[in-house]
Amino acid sequence: MRTLDGPRVADGEVLVYRLFDVADAVDLVAAERAASAPAGRLRLEGAQSASALEFPRPPLQLALGPRDLPLGDGTRPAEASAHVFDYGVVSIRYRLPIAPGTSLGAMVPLAEALFVEPSPALDAAARREADAVARALGSALERPHAWEGLESYQVFLVRRFEEGSIPANDLLSGGHVPELLLGETSAVPLSAAERQEVLSHRFSYLQDDLAVVHWNSAFVSEPSGVEDIPDLLEFATAHLLELRYYDALLDTELHRIYDEIEAGGSPVANVFTRRYRKLQRRTAALLLELSEMIERLENAVKIVGDLYLARLYQSAVRRFRLPAWQESVLRKQRLLAEVNDLIGDAADTSRSELLELAIILLIVFEIVAALT
């Protein structure tokens, strides 16, 4: 492994996120009343942020207290908190302080431990935190459920360097940011193409601030100390998790419907057992749930200007491939609607066949009655 150094951090943290889908929706007002931990609502701190973005239903913030975070062969002290989103996502966030004097290059092994070769114990600990939050909120959760999927994200947040103010261009050229965001500890340097790819989503508002957004991690140098960028990246990650959940749910439901249709049964039996009606009710309920989910996601963050943070958020949306995931969900939603229509047509056909059979039997009965 080659030696990496770079600028040394005087004040900074690693923000470790693990996000879970725990319910179809959350009543945030009721959740705030039910919360046993200190609670509040998230809001962006910077004046420019408020003029570019709006949060109609800001998530609930819960302080969880100090934790020992399992990483690799040991543990690291961290401060835990949770964000509860109204569309049923609980985000567990751990703050890992960066020891003063630590260089960016020296943090690459930590990045490797966080997302290249993550400890299963870390995900399990975060899931237990999310389950505990869900239980504490109780009836504020609408249709709670368990799903094995999760999303993870890491933000390396630096407020101050020991070297003082460092221009963004200097950090990009000699700060080992690509290696940090990839968790790449190989002795062989990264290719120029890979470095360019990692740094393609970079943003600076002033000369001495920098944000580089990658698909599962980000580097943020913010001398003001404002944490708007990590909060926005958490929003985008929560959006991604929700789309992944419904994409998997649609796959499961479509396979179940296909299996039930293939199981078949006589048309008469299907009508009398109301089998078609049950299928239609279930698919109609899921279609309604999907429509509500998409509306919540679309209203979660409203962009009201083309300012710096709005552009950064839109870039993160593209980086996380949210449009592709949303199109996948919408395509399967359309397919489910078509299947629902086919089920309705099958039910109508069965009723028509039953009616025709009844008419034929009546005619035969009248003929027999007339002959006797």
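Since this is a predicted model, take the numbers as computed values, not measurements. (Residues numbered from 1 in each chain as written. Predicted model: local features only at pLDDT ≥ 70, side-chain atom pairs only at ≥ 80, totals over all residues. Heavy atoms only, no water.)

**Student:** Describe unusual backbone geometry, listing the residues and the values that go with them.
**Tutor:** Unusually for a residue other than glycine, Arg143 sits at a positive phi of about 50°. Mapped onto the fold, Arg143 is located in strand S9 (residues 141-144). Look at Arg321: it is not a glycine, yet its phi comes out positive at around 60°. With respect to the secondary-structure elements, Arg321 resides in the loop between helix H11 (308-319) and helix H12 (322-371). (Helix = DSSP H or I, 4+ residues; strand = E, 2+ residues; numbered from the N terminus.)

**Student:** Please provide a residue-by-residue account of the pattern of salt bridges, values included.
**Tutor:** Counted by the stated rule, this structure contains 16 salt bridges. Where Arg95 meets Glu227, a salt bridge forms, and the shortest distance between an N and an O atom there is 2.7 Å. With Arg95 in strand S7 (residues 89-97) and Glu227 in the loop between strand S13 (217-221) and helix H8 (228-263), this pair connects stretches of sequence that are 132 residues apart. Pair check on accessibility: Arg95 and Glu227 agree, each one buried. A network of salt bridges, in which partner residues are shared, links Asp11, Glu13, Arg95, Arg159 and Glu227. (Salt bridge = Lys/Arg side-chain N within 4 Å of Asp/Glu carboxyl O. Buried < 20%, exposed > 50% of the residue type's maximum accessible area, 1.4 Å probe, protein only.)

**Student:** Go over the nonpolar core with me, naming the residues and quoting the values.
**Tutor:** Across soluble globular proteins, nonpolar side chains show a tendency to be buried alongside one another. If you look at the biggest cluster of nonpolar residues, it comprises 56 residues, and the most contacted ones within it are Val84, Ile92, Tyr94 and Phe219. Top element by residues in this core is helix H4 (residues 120-137). It accounts for seven residues. Those residues in contact with Val84 that sit more than four places away from it in its chain are Val26, Leu28, Pro59, Leu60, Leu62, Val89, Val90, Val133 and Leu137. Formed by 54 residues, the second largest nonpolar core is a distinct cluster that contains Tyr153, Val213, Leu290 and Leu309. (Core = buried A, V, L, I, M, F, W, Y, C linked by side-chain atoms within 4.5 Å. Contact = heavy atoms within 4.5 Å.)

**Student:** Go over the confidence of the model for the protein chain, please, and point to the residues and values.
**Tutor:** Per-residue pLDDT for the protein chain has a mean of 85; in total, 88% of the residues score no lower than 70. Within the protein chain, S7 carries the highest mean pLDDT (97), whereas helix H9 (residues 267-272) carries the lowest (50). (pLDDT = per-residue confidence, 0-100.)

**Student:** Break down the packing of aromatic side chains for me, citing the residues and quoting the values.
**Tutor:** Under the criterion given, the structure shown has seven aromatic pairs. Measuring from centroid to centroid gives 6.4 Å for Phe203 and Tyr308, while their planes differ by 70°, and the two rings are edge-to-face. Placement of the pair is Phe203 in strand S11 (residues 202-203) and Tyr308 in helix H11, with a sequence separation of 105 residues. Through a chain of ring-to-ring contacts, the aromatic side chains of Phe85, Tyr87 and Phe235 assemble into a single cluster. (Phe/Tyr/Trp six-rings, centres within 6.5 Å; stacked < 30°, edge-to-face > 60°.)

**Student:** Any chance you could break down H11 for me, citing the residues and the numbers?
**Tutor:** For an α-helix, 3.6 residues make a turn, and residues three or four places apart therefore share a direction. The end-to-end C-alpha distance of H11 is 16 Å, a good match for the 16 Å that 12 residues give at a rise of 1.5 Å each. Of all the 12 residues making up H11, nine are buried; the element is thus mostly covered by neighbouring parts of the structure. Buried within H11 we find Tyr308, Leu309, Ala310, Leu312, Tyr313, Ser315, Ala316, Val317 and Arg319. Positioned one or two residues after H11, Arg321 has a phi angle of 60°, which is positive. (Expected span 1.5 Å × (residues − 1).)

**Student:** Tell me about the environment of Val212, residues and numbers included.
**Tutor:** Mapping Val212 onto the fold places it in strand S12 (residues 210-213). C-alpha separation for the pair Val212 and Phe156, spaced 56 residues apart in sequence, amounts to 9.9 Å. The residues contacting Val212, other than those within four sequence positions of it, are Leu172, Val177, Leu181, Val198, Leu199, His201, Arg202, Ser217, Ala218 and Phe219.

**Student:** Quick rundown of the side chain of Glu234? Include the residues and the values.
**Tutor:** Position of Glu234 relative to the elements: it lies in helix H8. Of the side chains with opposite charge, Arg93 lies nearest to the buried Glu234, which makes no salt bridge, at 5.4 Å. Glu234 has contacts with Tyr17, Leu19, Leu42, His83, Phe85 and Ser91, leaving out every residue within four places of it along the chain. (Lys, Arg positive; Asp, Glu negative; His and termini not counted.)

**Student:** Explain helix H3 (residues 108-116) to me, and be specific about the residues and the numbers.
**Tutor:** For H3, the set of buried residues is Val108, Leu110, Ala111, Leu114 and Phe115. For H3, the buried positions fall inside an angular range of 150° around the axis, keeping them on one side. (Arc of directions from axis to C-beta.)

**Student:** Requested: an account of a nonpolar patch on the surface, with residues and values cited.
**Tutor:** Taken together, the side chains of Leu355, Ile359, Ile363, Ile367 and Leu371 define a hydrophobic patch exposed on the protein surface, amounting to about 520 Å² of accessible area. Along the chain, Leu371 falls in helix H12. (Patch = residues over 30% accessible without salt bridge, like charges linked within 9 Å, V, L, I, M, F, W, Y side chains within 5 Å. Areas by Shrake-Rupley, 256 points an atom, 1.4 Å probe, with all protein chains shown as cover.)

**Student:** Explain the environment of Gly138 to me, using residue names and the numbers behind them.
**Tutor:** Mapped onto the elements, Gly138 comes out in the loop between H4 and S9. On the accessibility criterion, Gly138 (35% relative accessible area) is partly exposed. Between the alpha carbons of Gly138 and Ala35 there is a distance of 9.2 Å; along the sequence they are 103 residues apart.

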